[in-house]
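So you can see what is in the structure, the chains are spelled out below.
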Amino acid sequence: MEMESASHEKAGLLTRLWTCLKPLPGKLVSKVAGVARKIKKLGQDDPRRVIHSLKVGLALTLISLFYYSRALYKGFGDSAMWAVMTVVVVLEFSVGATLGKGLNRGLATLLAGALGVGVHHLASLSGGIGEPMLLGFFVFLQAAASTFARFCPGIKARYDYGCLIFILTFCLVSVAGYRDREILELAHKRISTILIGGATCVIITIVVCPVWAGEDLQNLVALNLEKIGNYLEGFGGEYFRTSEDEECKDDKSFLQGYISVLNSKGSEESLENFARWEPGHGRFRFRHPWKQYLKIGNLTRQCAYRIEALNGYLNSGFQAPTEIRSKIKDVCTMMSLESGMALNELALAVKKMTRPTSADPHIEKSETAAKTLKTLLKSGISGDTDFLEVIKVATVASLLIDVTNCTQKIAESVHELASIAHFKSVDPTVSPEKSQLSQVKLAAKVDCPQVSITVRESSPSSKESGNSLAPTAVPRVVL
């Protein structure tokens, strides 16, 4: 009986063990397939990542010749490892990042190597007792001074890596020279291998499928403008949609595009720093005004912050009372739509490096609509409506006016960039197809067939005197 009981327990244990182990192969295959899909998607999202990986492999293979070739190894010895380390550390994704790190490492190595040799020679004159004391003093002095210099914003942004390499190389040359009397040969080998590794990285990153940080910065700024513009083009229709309207089944992912704009400051500053290291290439001249892209990016984020506030009212499900909505719906929708179309035109101008003249008509229409909305708000639109509901509507209107002002500032910054960077001019005449498309968009967003707006134009004399309110003509523009 005891033997049968033990046999049954053993069989039950094996059954449970088999039950646990049986699904493991399937889970393993599923895990491997999931990782493969992620890797494939990573490469498809940006094929340049695959090319960069191949470039790193190529650079390390070439530098490994210092070990594979007997002649090269005899010339440099174990110092050839510094060339391999340089390739691993310096070769970055973009040309600007590689040039920045390469020049930082090369110049810092030259300067620190020369200074280390000089300090070693000076310390050797003080005798056997004074030499280590003097070397220690100089190591402390340069390390403290270099580390403190890293706190300066200008040095931190562009030369932080160079300061680190300066500290490392100076210590290696000066301290190692205390035991190794062939200090000049030691410094020569290490500096030579580092310069060879850095030069290999720079050549490969420029010659083999270069990735320019300047182009990435330009595309990022243009994409952010486009996301904000798409949101504004669709905001009016979404906010003033009533419960009786048919539910829109279109993709509304554009309403979330502004979120990535809020977090783009770090990427823009990093790309701008890398772009300043790059030489003139393609349409980008030497000393291209990269700082202006940061200015446009900051203004775009200010606009995105206001859009975030607008999105809060959009997601709250609050609808303005019918009486108030009928008064401000058309002008608010037109103001949002024209601002969005202007931002899309500005994004296209930044991307194609053309003067943004096509955005000016949209800017003027949005400003005119903003003035009309201000007049409506001042004249009183509440009637017998609850005061709290009026406040919500007035807040949305005020935010739209702020967005219009931000759009105007962005347009001015893009015009300034076009002037400084010498963007090419395009025919300002709007084609009939484009004009018709603009009218179709406006008609789709605004319910009323026509909106008559009075525009006040100032005379040249009034502009010169600073009085821009003196009217000379009152044309009626029918949209």
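For clarity, every value in this text was computed on a predicted model and none was experimentally measured. (Residues numbered from 1 in each chain as written. Predicted model: local features only at pLDDT ≥ 70, side-chain atom pairs only at ≥ 80, totals over all residues. Heavy atoms only, no water.)

What follows covers the overall build of the chain. Scanning the chain for helices and strands turns up 20 helices and four strands. Put simply, the chain has 479 residues, and 42% of those count as buried. Here the analysis covers contacts within the chain between residues at least 6 apart in sequence; of these, 81% occur between residues at least 24 apart. (Helix = DSSP H or I, 4+ residues; strand = E, 2+ residues; numbered from the N terminus. Buried < 20%, exposed > 50% of the residue type's maximum accessible area, 1.4 Å probe, protein only. Contact = heavy atoms within 4.5 Å.)

A side chain with one charge may pair with a side chain of the opposite charge, provided their charged atoms come close. All chains considered together, the criterion is met by 10 salt bridges. In this structure, Asp160 engages Lys156 in a salt bridge whose closest nitrogen and oxygen atoms are separated by 3.6 Å. Among the residues examined, Asp160 registers a relative accessible area of 16% and is labelled buried. Taking the shortest distance from any N to any O, the salt bridge between Arg276 and Glu272 comes out at 3.8 Å. Within the structure, one salt-bridge network assembled from shared partners comprises Asp46, Arg48 and Asp216. (Salt bridge = Lys/Arg side-chain N within 4 Å of Asp/Glu carboxyl O.)

This part covers the nonpolar core. Nonpolar side chains tend toward joint burial in soluble globular proteins. In this structure, Ile228, Tyr293 and Ile410 are the most contacted members of the largest nonpolar core, which totals 59 residues. Of all the secondary-structure elements, those providing two or more residues to this core are helix H12 (213-239), helix H13 (258-262), helix H14 (265-275), helix H15 (290-315), helix H16 (322-352), helix H17 (360-379) and helix H18 (387-420). The leading source of residues in this core is H18, at 13 residues. Counting 22 residues, the second largest nonpolar core, distinct from the first, contains Ala80, Ala108, Val119 and Cys201. (Core = buried A, V, L, I, M, F, W, Y, C linked by side-chain atoms within 4.5 Å.)

Turning our eyes to something else, we now look at the confidence of the model for the chain. Overall, the prediction assigns the chain a mean pLDDT of 78, with 78% of residues at 70 or greater. Scored below 50 in pLDDT, residues 429-437 makes three contacts in the model with residues more than four places away or belonging to other chains. Low pLDDT, under 50, characterises residues 443-479; the predicted model gives this stretch 57 contacts beyond four residues in sequence or across chains. (pLDDT = per-residue confidence, 0-100.)

Per the stated rule, a full pass over the model turns up seven aromatic pairs. Note on Phe137 and Phe138: the rings are 5.7 Å apart at their centroids and 65° apart in plane angle, and the pair reads as edge-to-face. One aromatic cluster is present, built from ring pairs that chain together Tyr231, Phe235 and Tyr258. The aromatic ring of Tyr161 is capped on one face by Lys101, whose charged end is 5.1 Å from the ring centroid. The ring of Trp277 is capped by Arg158, whose NZ or CZ atom sits 4.2 Å from the centre of that ring. (Phe/Tyr/Trp six-rings, centres within 6.5 Å; stacked < 30°, edge-to-face > 60°. Lys NZ or Arg CZ within 6 Å of the ring centre and 35° of its normal.)

Within the element layout of this structure, Thr109 appears in helix H7 (residues 95-124). Using a relative accessible area of 1% as the deciding quantity, one classes Thr109 as buried. Looking at Thr109, its side chain comes within polar contact range of the main-chain oxygen of Arg105, at 2.6 Å. Apart from residues lying up to four places away in sequence, Thr109 is in contact with Ile165, Thr169, Ile191 and Ile194. (Polar contact = N/O pair within 3.5 Å; in protein donor to acceptor, adjacent residues only side chain to side chain.)

Time to look at unusual backbone geometry. Negative phi values dominate among residues other than glycine, just as trans dominates among peptide bonds. Located in the positive-phi region is Arg287, a residue other than glycine, with phi close to 60°. Relative to the assigned elements, Arg287 resides in the loop between H14 and H15. The backbone phi angle of His422 is positive, close to 60°, even though this residue is not glycine. With respect to the helices, strands and loops of the structure, His422 is situated in the loop between H18 and helix H19 (432-445).

So, about the packing of H7 against helix H8 (residues 127-149). Where H7 contacts H8, the two axes come as close as 8 Å, and the packing angle between them is 145°. Seen along the crossing, H7 lies across H8 with a hand that is right-handed. Between H7 and H8, the residues in contact are Val119, His120, Leu122, Ala123 and Ser124 and Gly127, Glu131, Leu134, Leu135 and Phe138, respectively. (Axes fitted to C-alpha atoms, helices over the stretch in contact; angles between N-to-C directions. Left-handed = near helix turned anticlockwise from the far one by under 90°.)

Another point: the packing of helix H6 (residues 81-90) against H7. Between H6 and H7, the least distance of the axes is 9 Å, while the angle of their chain directions is 145°. In contact with Trp82, Thr86, Val89 and Val90 of H6, H7 contributes Thr98, Lys101, Gly102 and Arg105. In terms of residue class, the contact of H6 with H7 is built from three nonpolar, three polar and two charged. (Nonpolar A, V, L, I, M, F, W, Y, C, P; charged D, E, K, R; others polar.)

On the secondary structure map, Ala370 appears in helix H17. With 28 residues separating them in the primary sequence, Ala370 and Ser398 have C-alpha atoms 9.3 Å apart. With residues up to four places along the chain from it excluded, the contact list for Ala370 reads Met335, Ile401 and Thr404.

Turning next to the side chain of Asp160. Structurally, the position occupied by Asp160 is in helix H10 (residues 160-179). Ignoring any residue separated from it by four or fewer positions in sequence, one finds Asp160 in contact with Arg150 and Ile155.

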